[in-house]
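Chain and residue survey
The chain contents come next:
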Amino acid sequence: MNIHEYQAKEILQNYGVTVQTGIVANTPDEALEAAKQVQANSGQSWVVIKSQIHAGGRGKGTIIGSEQHGVALAKNLDQAKEIAKNLLGNTLVTIQTGPKGKVVNKILVAEDVYYPGASEPKEYYMSVLLDRQTSQNVIIYTTEGGMDIEEVAEHTPEKIYKEWIDPLTGLTGFQARKIAYNLGLEGQANKEMVKFVMALYSAYVGTDSDMFEINPVLKTSDDRILAVDAKVSLDENALYRHKDLAELRDESEEDPTEVEAKKSNLNYVKLDGNVGCMVNGAGLAMATMDIIKLSGGEPANFLDVGGTANAQTVEAGFRIILSDPNVKAILINVFGGIVRCDRVAQGVVDAYKNIGNIPVPIIVRLQGTNAEEAKKLIDESGLKVFSAIQLKEAAELVKQVLS
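Residues numbered from 1 in each chain as written. Predicted model: local features only at pLDDT ≥ 70, side-chain atom pairs only at ≥ 80, totals over all residues. Heavy atoms only, no water.

1. Looking at the nonpolar core
The cut-off we apply is this: Here the nonpolar core consists of buried residues drawn from Ala, Val, Leu, Ile, Met, Phe, Trp, Tyr and Cys, with membership extended through side-chain atoms lying within 4.5 Å. Only protein chains enter the accessibility calculation, which uses a 1.4 Å probe; a residue is then buried when its area is under 20% of its type maximum, exposed when over 50%, and partly exposed in between. The helix and strand labels rest on DSSP assignments: H or I over at least four residues marks a helix, E over at least two residues marks a strand, and numbering proceeds from the N terminus. The contact rule is simple, with two residues in contact once any of their heavy atoms fall within 4.5 Å.
Residues L12, M126, I139, M193, F196 and L200 are the most contacted members of the largest nonpolar core, which totals 40 residues. No other element matches helix α6 (residues 187-206), which puts 10 residues into this core. When neighbours within four sequence positions are excluded, F196 is seen to be in contact with V17, T18, M126, I214, V217, I225, L226 and A227.

Structure follows, in structure tokens:
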């Protein structure tokens with residue numbers, strides 16, 4: 001589950017990580033009041049206005065129909081309110097949103113931390129995530145932080161360091177000091193970075209997260225180390241242990257069909273194809289999408305109904321798939337191990353009748369427990385449903401209905 005930058009920073013602060021402070025605003029007037037308060041708290045006249053969407057690349061992204069970037073510096077209160085007007089309610093397009101972009105419903109009015117001092121501010125990159133190859137958490141970091149981090153990874157990967165964490169010992173002080181040393185920090189900045197790394201890792205582990213990404217981690221001109229940005233992905237499977245974090249979900253940032261699927265306990269991801277998929281089991285769903293492509297189609301979605309498919313889940317799956325106007329056919333592919341095929345077949349028939357006229361052809365491939373009985377149920381239903389037992393048969397039927 002993704003969360004906003006301002007929410008991620010609140011989590012970080014709770015674990016002792018120093019962050020760029022700010023105030024959330026939902027309207028231009030709220031942004032003006034927030035700017036006044038940030039100025040008073042920081043002692044700086046300039047403030048930073050940051051759009052809050054679930055996507056990276058906001059600094060280079062632009063609002064559709066204007067030159068307004070998703071992150072902008074306001075030199076005074078009038079500029080702060082004007083930038084807020086340009087952002088709120090409008091669509092921001094970044095390298096991660098795709099051409100459709102995302103509507104900006106909230107902004108963060110933050111302190112300006114790039115103030116002059118004894119030395120130049122310096123940006124670093126740091127993230128914590130699980131390395132599945134080693135079954136260990138890993139801290140990835142580089143001296144080349146900022147908006148061009150993707151180019152660093154592509155063109156100069158030797159500048160990126162990795163520190164793997166033994167799950168039995170956790171992050172040690174030695175490793176945190178090694179990270180600070182590799183970043184070229186000395187004196188007070190070195191000590192501050194050690195504390196920053198230890199606190200960041202504690203936040204990652206303590207929240208059962210999939211990823212913490214801080215870009216940039218900033219060394220200020222007076223040698224403070226703080227998180228200027230924060231991108232956090234929480235492990236949804238662990239949210240039952242973190243009721244407070246589960247409340248951070250912003251459904252307006254998610255695809256409406258995916259939100260609806262979650263309410264029906266369906267695993268659904270929308271794609272751009274023309275053949276809807278309804279499958280039990282993630283591995284079988286991936287194979288089904290492959291077979292659709294081999295048959296000349298393109299999968300319109302990933303939809304796993306799980307091992308307890310019944311009439312209610314099948315009907316919910318149908319409604320979600322049919323909400324996509326690009327769908328020209330639906331392929332149901334079920335292997336009856338735990339679930340009985342005849343039960344799924346009856347669910348298909350019942351769901352079809354409840355929904356009424358379904359305007360696209362449906363191919364149902366059922367294999368496993370009671371597959372023959374299931375095929376008979378489908379064939380004798382009188383509905384516009386094509387049945388198959390072998391996956392090859394189902395693929396041929398997909399090709400036929402699309403031609």
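Next comes the rest of the write-up.
2. Considering the sheet that holds strand β6 (residues 102-103)
Stated precisely, the cut-off is as follows: Strand pairing is assigned whenever DSSP detects at least two bridges linking the two strands.
On the basis of which strands lie adjacent, the open sheet formed by three strands has the order β3-β5-β6 and antiparallel pairing. Unpaired on one side and paired on the other, β3 (62-63) and β6 mark the two borders of the sheet. Pairing of strand β5 (residues 91-93) with β6, which is carried by two bridges, proceeds in the antiparallel orientation. Across the sheet, residue L92 finds its bridge partner in β6, namely K102.

3. A look at the layout of surface pockets
Our working rule: Only protein atoms enter the 1 Å grid used here. Points where a 1.4 Å probe fits but cannot escape make up a cavity, open sets with protein on both sides within 12 Å along at least five of seven lines make up a pocket, and a residue lines them when an atom lies within 4 Å of a point. Grid points are joined across faces, edges and corners, and a volume is the space filled by probe spheres set on the points. Note on residue categories: nonpolar means Ala, Val, Leu, Ile, Met, Phe, Trp, Tyr, Cys or Pro, charged means Asp, Glu, Lys or Arg, and polar means any other residue, Gly included.
In this structure, the second largest pocket spans a volume of roughly 420 Å³. If you trace the second largest pocket, you find 15 residues lining it, with K100, K102, E254, D255 and P256 closest to the centre. At the level of elements, β6 and α8 (256-263) are the ones that each hand at least two residues to the lining of the second largest pocket. Class assignment of the residues belonging to the lining of the second largest pocket gives a composition of three nonpolar, four polar and eight charged.

4. Concerning the pattern of salt bridges
Side chains that differ in charge, positive against negative, can pair when their charged atoms come close. What counts is decided by this rule: Counted as salt bridges are all cases of a side-chain nitrogen of Lys or Arg within 4 Å of a carboxyl oxygen of Asp or Glu.
Inspection of every chain in the model, using the stated rule, returns 19 salt bridges. Between K102 and E253 there is a salt bridge; the shortest N-O distance is 3.6 Å. Residue K102 is found in strand β6, and its partner E253 is found in the loop between α7 (243-246) and α8; the two are separated by 151 residues along the sequence. For E253, a relative accessible area of 10% translates into the label buried. Between D324 and K270 there is a salt bridge, with its nearest N and O atoms 3.8 Å apart. Residue D324 is located in the loop between α10 (311-322) and β17 (329-336), and its partner K270 is located in strand β14 (residues 267-270); the two are separated by 54 residues in the primary sequence. Judged by its relative accessible area of 5%, D324 falls in the buried class.

5. Observations regarding helix α13 (residues 391-402)
Applied cut-off: To estimate the expected span of a helix, subtract one from its residue number and multiply by 1.5 Å. Here the arc refers to the directions that run from the helix axis out to each C-beta atom.
The end-to-end C-alpha distance of α13, which contains 12 residues, comes to 17 Å, matching closely the 16 Å that a straight helix rising 1.5 Å per residue would cover. If you check which residues of α13 are buried, you get A394, A395, L397 and V398. Buried residues along α13 cover an arc of 160° about the axis, so they all sit on one side. More than 90 degrees from the buried face of α13, the exposed residues found are K392 and Q400.

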